[in-house]
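Residue-level listing of the chains:
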Amino acid sequence: MRIFGVILAGGQGRRMGGACKALLPLAGVPLLAHAVARLEPQVERLALSANGDPARFARFGLPVLADADPLGPLSGVLAALDWAVALGADAVVSVAVDTPFFPCDLVPRLHLAAETAPEGLAIASHAGRAHPTFGLWPVALRADLRATLARGDARVMGFATSHAAAEAVFAPQTPDPFANLNTPEDLACAEAHLAGQP
């Protein structure tokens, strides 16, 4: 099975003062670099889903996929599926750029879960909570995802549920591997963790 990856970075970063989250530094390294380091070894190819001027990401050497109709994470997933299917991929695994501690075995765990799902869709789950932006999305779902977004329905969990997504369950750990860095305080906590501070 050919699995590609996409880092979702289309958010507006309102609680970060409108900053581009992908380029915010964590331990002196952009959040995007943290995501690339974790996801790239797990997939055949990697792309970035982001809107605006793609030149600001040129140093990372990734294809930058803009949303045709920016309605949130599912728009980024659809752009990634369109990109991946043209290159012969079977599925795309999505991650959020502002979640620097996501598991380094995310893709194989999602792949195993997807094998139990009727349509091959799987999402991550941790400590009893689903995290559907971390999912394995078969390219076969492109047409239905496009139709869903055309209706204005951009609920990630709603789409996953409607396709009987399996869950890859990750054991509770600290820090939460799926915690988003939404505020400057969240970023400071992540810095403290990496520095080994309590």
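Data block above holds the structure.
Quick caveat, the model's predicted, so the values are computed rather than measured.

### Re the environment of Leu110
Then comes step 1: The residue Leu110 is located in helix H3 (residues 106-114) in this model.
Then comes step 2: Classification of Leu110 by relative accessible area gives buried; the value is 0%.
Then comes step 3: As for Leu110 and Ala168, which are separated by 58 residues in sequence, their C-alpha atoms are 5.5 Å apart.
Then comes step 4: Setting aside anything within four residues of it in sequence, one finds Leu110 in contact with Val93, Ala122, Ile123, Ala124, Phe134, Gly135, Leu136 and Ala168.

### Comments concerning helix H6 (residues 184-194)
Then comes step 1: Leu187, Ala190 and Ala192 are the residues of H6 that are buried.
Then comes step 2: Lining the buried residues of H6 we find strand S2 (25-26).
Then comes step 3: Backbone geometry just downstream of H6 places Gly196 in the positive-phi region, at approximately 80°.

### Here we look at the sheet that holds strand S1 (residues 3-8)
Whenever strands of a sheet pair, they do so through backbone hydrogen bonds, lying parallel or antiparallel.
Then comes step 1: What the seven strands build is an open sheet, ordered S5-S4-S1-S6-S8-S7-S9; its pairing is mixed. Of all strands in the sheet, those with a lone pairing partner are strand S5 (64-65) and strand S9 (166-170), marking the two edges.
Then comes step 2: Pairing of strand S7 (residues 122-126) with S9 involves five bridges; the strand directions are parallel. Across the sheet, residue Ala124 finds its bridge partner in S9, namely Ala168.

### A few points about the packing of aromatic side chains
The geometry of an aromatic ring pair comes down to the distance between the two centres and the angle between the two planes.
Then comes step 1: Under the counting rule described, the total for this entry stands at five aromatic pairs.
Then comes step 2: Judged by centre distance (5.0 Å) and plane angle (70°), the rings of Phe134 and Phe178 are edge-to-face. Pair noted here: Phe134 is in strand S8 (residues 129-138) and Phe178 is in the loop between S9 and H6, with a separation of 44 residues, a long-range link. A single burial state applies to Phe134 and to Phe178, both of which are buried.
Then comes step 3: Each residue in the set Phe102, Phe134, Phe170 and Phe178 is aromatic and connected to the rest through ring pairs, giving one cluster.
Then comes step 4: Above the face of the Phe170 ring, Arg109 is positioned so that its terminal group lies 4.2 Å from the ring centre.

### Points about the pattern of salt bridges
Then comes step 1: This structure, assessed with the given rule, holds six salt bridges.
Then comes step 2: The salt bridge involving Arg109 is made with Asp105; its shortest N-O contact spans 3.4 Å.
Then comes step 3: Residue Arg109 is classed as partly exposed on the basis of its relative accessible area, which comes to 29%.
Then comes step 4: With a relative accessible area of 32%, Asp105 lands in the partly exposed category.
Then comes step 5: One connected set of salt bridges, linked through shared partners, spans Asp82, Arg142 and Arg146.

Scoring rules and cut-offs
- Residue numbers here run from 1 along each chain, matching the order of that chain's written sequence.
- For this predicted model, a pLDDT threshold of at least 70 governs which residues receive local features, and a threshold of 80 or more governs which side-chain atom pairs are given and counted, while totals over whole chains, interfaces and linings are taken from all residues.
- As a rule here, side-chain values come from all non-hydrogen atoms in the structure, and water together with hydrogens is ignored.
- The secondary structure listing takes helices from DSSP runs of H or I that are at least 4 residues long and strands from runs of E that are at least 2 residues long, numbered from the N terminus.
- We call a residue buried when its accessible area falls under 20% of the maximum for its residue type, exposed when it is over 50%, and partly exposed in between, using a 1.4 Å probe and counting protein chains only.
- The contact criterion used throughout is that any non-hydrogen atoms of two residues lie within 4.5 Å.
- Each pair of strands is called paired provided DSSP finds at least two bridges between the two strands.
- Any pair of Phe, Tyr and Trp rings, taking the six-membered ring for Trp, is counted once the centres come within 6.5 Å. Such a pair is stacked with planes under 30 degrees apart, edge-to-face with planes over 60 apart, and tilted for the rest.
- A ring is considered to have a charge above it if a Lys NZ or an Arg CZ atom is located within 6 Å of its centre and within 35 degrees of its normal.
- Here a salt bridge means any side-chain nitrogen of Lys or Arg lying within 4 Å of a carboxyl oxygen belonging to Asp or Glu.

Limitation: the analysis is restricted to geometry and does not speak to function.
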